[in-house]
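Results of the structural survey
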Amino acid sequence: MEYVGCEKRDGERRHHRGRSSESLLDKRAILSALAIELGQAVLDAGCGNGYMSKAFSPLVGDRGRVYALDPDETGIAVLREEIKGTNIVAMVGDITTTTHLPASAIDLVYLSTVFHIFSPGQIEGFEAEVKRLLTPSGKLAIVEIVKHATPFGPPLDMRVSPADLKEALRLTPSDTVEVGEYFYMQLFENRQGRGYGLSSIGK
Ligand SMILES: C[S@@+](CC[C@H](N)C(=O)[O-])C[C@H]1O[C@@H](n2cnc3c(N)ncnc32)[C@H](O)[C@@H]1O
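What counts and what doesn't
- Residues numbered from 1 in each chain as written.
- Predicted model: local features only at pLDDT ≥ 70, side-chain atom pairs only at ≥ 80, totals over all residues.
- Helix = DSSP H or I, 4+ residues; strand = E, 2+ residues; numbered from the N terminus.
- Buried ≥ 20, exposed ≤ 12 C-beta atoms within 10 Å, placed from the backbone.
- Contact = placed C-beta atoms within 7 Å.
- Pairing = 2+ DSSP bridges.
- Axes fitted to C-alpha atoms, helices over the stretch in contact; angles between N-to-C directions.
- pLDDT = per-residue confidence, 0-100.
- Core = buried A, V, L, I, M, F, W, Y, C linked by C-beta atoms within 7 Å.
- Arc of directions from axis to C-beta.

Some words on the overall build of the protein
When you go through the protein residue by residue, the secondary structure sums to five helices and seven strands. Expressed as a percentage of the 203 residues in the protein, the buried residues total 39%. Counting only contacts in the protein whose residues sit at least 6 apart along the sequence, the fraction spanning at least 24 positions is 63%.

A few points about the sheet that holds strand β7 (residues 183-189)
Strand order in the open sheet formed by seven strands is β3-β2-β1-β4-β5-β7-β6, with mixed pairing between adjacent strands. Looking at the sheet topology across the chains shown, the edges are occupied by β3 (88-92) and β6 (172-178). When the angles between neighbouring strand axes are averaged without regard to direction, this sheet yields 20°. Relative to β3, strand β2 (residues 65-70) is paired through five bridges, and the arrangement is parallel. If you follow Y67 over to β3, its bridge partner there is V89. Contacts from helix α1 (residues 27-34) reach β4 (106-112), β5 (134-145), β6 and β7 within the one sheet, and its direction differs from that of β6 by about 150°. Its contacts with the sheet put helix α2 (residues 51-60) on β1 (41-45), β2, β3 and β4, and the angle it makes with β2 is roughly 165°.

A look at the environment of E22
Inspection of the secondary structure assignment puts E22 in the segment before α1. The exposure class assigned to E22 is partly exposed, which follows from the 15 C-beta atoms found within 10 Å. Separated by 26 residues in sequence, E22 and G48 place their C-alpha atoms 10.0 Å apart.

A few points about the confidence of the model for the protein
Do not read the predicted coordinates in detail wherever pLDDT is low. For the protein, per-residue confidence averages 89 on the pLDDT scale, and 85% of positions sit at 70 or higher. Within the model, the stretch residues 6-17 combines pLDDT values under 50 with 19 contacts to residues more than four positions away or in other chains. In the predicted structure, residues 193-203 sits below a pLDDT of 50 and forms 14 contacts with residues beyond four places in sequence or in another chain.

Quick look at the nonpolar core
Of all hydrophobic cores here, the largest spans 47 residues; its most connected members are V42, L43, V109 and Y110. Sort the elements by how many residues they give to this core and β5 lands first, with six residues. Discounting residues that sit within four places of it in the chain, V42 has contacts with I36, F56, V60, V66, D107, L108 and Y110.

Considering the pairing of β4
Of all seven residues in β4, seven are buried, a share of seventy percent or more. Here four bridges tie β1 to β4, and the two strands are oriented parallel to one another. Note on β4: the bridge partner recorded for V42 is L108.

What to know about the pairing of β7
Pairing between β5 and β7: seven bridges, direction antiparallel. Paired with L140 across the strands is F188, a residue of β7. In the sheet, β6 pairs with β7 via five bridges, with the strands oriented antiparallel. Following the sheet pairing, E178 is matched in β7 by Y184. In textbook terms, the turn of a hairpin is the stretch between consecutive antiparallel strands, and for β6 and β7 this stretch comprises four residues, one of which, G180, has a positive phi near 140°.

Notes on unusual backbone geometry
You will see that S104, though not glycine, has its phi angle at about 50°, which is positive. Along the chain, S104 falls in the loop between β3 and β4. The phi angle at T113 is positive, at roughly 50°, despite the residue not being glycine. With respect to the helices and strands, T113 occurs in the loop between β4 and α4 (120-133).

Things to note about α2
Of all the residues in α2, the buried ones are M52, S53, F56, S57 and V60. Projected onto a plane normal to the axis of α2, the buried residues spread over an arc of 150° and lie on a single side. In the core, the buried residues of α2 are packed alongside β1, β2, β3 and β4. Where α2 terminates, the next one or two residues include G61, which has phi positive at roughly 70°.

In structure tokens:
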């Protein structure tokens, strides 16, 4: 079975070239929950081979944009060739630092099987950059492997549950969706997070 995830955990900055989760995720469930609209700007952060960027592309249409971002220069060069003439922009970049994308311009940040490799410092940088990028009504979607024994995947102590994500990020959590036998997608909204307003009561 294809491995998804990242074992490397030494050092503060973790950039791991993991394999694609394409064959393991329920793409239809993901796209249905994301409810992407024509004209939107979507960022596929840690895009890998860009298969989800390609799935987002027709949904945002000619007036929309999909930004496929990954620190892996080789992978981005390959993807850039594949997506010539489309509405996808392939970029080398690190989502835990300030990217070259303009502020308040992204409707959806999608991060699949990447979060669990982030160090605490990178999680802070990720949250700051997501908040900078999202429009006021924007969303964050994080796909991760479940935090219990599975036939493949990273060690259990590296994995994050939906509760861990909600604890780690000061964004407003919304749905948690099953997106494959071993995967979930946690959605967040870019409104004020817990402890900051009435919207957080009862979450
Ligand atoms: C397990 S792969 C997942 C690829 C793809 N998202 C998928 O679901 O198949 C992890 C990806 O995250 C990228 N990555 C690692 N650190 C990153 C960072 N700080 N910012 C953006 N991408 C990162 C890696 O280069 C790799 O392509």
